[in-house]
Amino acid sequence: MTTTAVPAATTTTVVGFDQVTKSYGGNRAVDGLSLRLHPGETVALLGPNGAGKSTTLDLLLGLKQPDSGTVSLFGGTPREAIVAGRVGAMLQSGGLMDEVTVTELVKLSCSLHPKPYPVSEVLARAGITQIADRKVNKLSGGQAQRVRFALATAGDSDLIILDEPTTGMDVSARQAFWATMREQADQGRTVLFATHYLEEADAIADRVLVLHRGRLLADGTAAEIKARAGARRISFDLDGEIDESALRALPALRTLDVSGQTVRAQSADPDATVHALYGLGLYPRNLEVAGLGLEQAFVAITQAEEAEQS
Ligand SMILES: Nc1ncnc2c1ncn2[C@@H]1O[C@H](COP(=O)(O)OP(=O)(O)OP(=O)(O)O)[C@@H](O)[C@H]1O
């Protein structure tokens, strides 16, 4: 009965996870994960340590097999997509061959890709032309990351997978890296990256996935994720001695941090919180109310889930 719907969905689906589960022993690293990624999306995969991000990417690349459920790339298997050169990947642990030069390694990668770019172009895009003749084992951590990036973009792939790609890169390398990835996405490629840098996810991704214990806790734009956390930031200064226990009793308060004369809090209802503050006879100065940053929203969402589980 669903036969007409399936082909239509697969033609526009770059990545499809359907009820995917993967355990290591008794530990469920990925737990009933279902999601679809579409052409041209730049997607950030967030989650605390051990949330299942790397396992998800390994499943996606066919490096691990699910215990149950299905993973598809471009409507086929991961292997078919990889053999066809449709996927470029930069993995966290990707070791680089030691005794070769950067150019030799990039050349090899280009020669293995069905639709390779010229080697000089790959080197330039990754910003490693200057170190092209250097032995791979003589590179700094950030330079090695750039080489991994070059290997992931050795050819014209439709999907680029990046596991914590900017770890070890300095600020300018990061900026150059993301400018390049933006270009790739603008040309219709799908970019999926796992990161612990939430400001990168906020700035770069047009879709954010939050994984927690192998399950998808949130899926939306960064703005939607921030709104979903359901709290706003309040900060103000108080004169004199601060009665923290009175502040903790304020309505709708989620978090409270007092540092010197400055109070920072998160509230599910800032109007009610501030109103009650005046009700205590306190006169806050420099009062500011703002939305949560993605980092705070992420912490709020994952902590709420932790609290629910325990
Ligand atoms: N090869 C393995 N054997 C056994 N357990 C594993 C293996 N790989 C991962 N795990 C476990 O599976 C869970 C998910 O790990 P995974 O590496 O996918 O998380 P992650 O979100 O990428 O974490 P991080 O942010 O620390 O890189 C963790 O509990 C981890 O200990």
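Thresholds, definitions, all that
Residues numbered from 1 in each chain as written. Predicted model: local features only at pLDDT ≥ 70, side-chain atom pairs only at ≥ 80, totals over all residues. UniProt positions renumbered as here; feature names shortened; annotations may be inferred. Core = buried A, V, L, I, M, F, W, Y, C linked by C-beta atoms within 7 Å. Buried ≥ 20, exposed ≤ 12 C-beta atoms within 10 Å, placed from the backbone. Contact = placed C-beta atoms within 7 Å. Near = placed C-beta within 6 Å. Helix = DSSP H or I, 4+ residues; strand = E, 2+ residues; numbered from the N terminus. Nonpolar A, V, L, I, M, F, W, Y, C, P; charged D, E, K, R; others polar. Pairing = 2+ DSSP bridges. pLDDT = per-residue confidence, 0-100.

An unreviewed UniProt entry lists the protein under the name ABC transporter ATP-binding protein, with Streptomyces pyxinicus given as the organism. Quoted verbatim from the Subcellular location (unreviewed entry) heading of the UniProt record, the comment on the protein is "Cell membrane".

### What to know about the nonpolar core
In terms of nonpolar packing, the biggest core is built from 70 residues, with Ala-44, Leu-46, Ala-150 and Ile-161 touching the most fellow members. Non-local contacts of Ile-161, meaning those with residues more than four positions away in its chain, are made with Leu-57, Leu-60, Leu-61, Val-87, Ala-89 and Leu-192. Counting 6 residues, the second largest nonpolar core, distinct from the first, contains Ile-234, Leu-250, Val-263 and Leu-277.

### Notes on the site of the ligand
What surrounds the ligand is the set Tyr-24, Asn-27, Ala-29, Gly-47, Asn-49, Gly-50, Ala-51, Gly-52, Lys-53, Ser-54 and Thr-55. Among the secondary structure elements, those contributing two or more residues to the shell around the ligand are strand E2 (27-37) and helix H2 (53-60). Take the shell around the ligand: its biggest share by element is 3 residues, from H2. Residues belonging to the shell around the ligand are distributed by class as follows: 3 nonpolar, 7 polar and 1 charged.

### So, the pairing of strand E9 (residues 215-220)
Pairing analysis gives 5 bridges linking strand E8 (residues 207-212) to E9, with the strands arranged antiparallel. Its bridge partner lying in E9, Val-210 is registered against Ala-218. If you look at the hairpin formed by E8 and E9, you'll find 2 residues sitting between the two strands, and Arg-213 has a positive phi there, around 50°.

### Concerning unusual backbone geometry
For residues besides glycine, phi is generally negative; the peptide bonds are generally trans as well. Look at Gln-19: it is not a glycine, yet its phi comes out positive at around 50°. Examined against the element boundaries, Gln-19 turns out to sit in strand E1 (residues 15-24). In this structure, Phe-74 takes a positive phi of about 50° despite not being glycine. Along the chain, Phe-74 turns up in the loop between strand E4 (68-73) and helix H3 (78-83).

### What about the confidence of the model for the protein?
Per-residue pLDDT for the protein has a mean of 89; in total, 95% of the residues score no lower than 70. In this model residues 1-11 is a low-confidence stretch, pLDDT under 50, and it forms 2 contacts with partners more than four residues away in sequence or in other chains.

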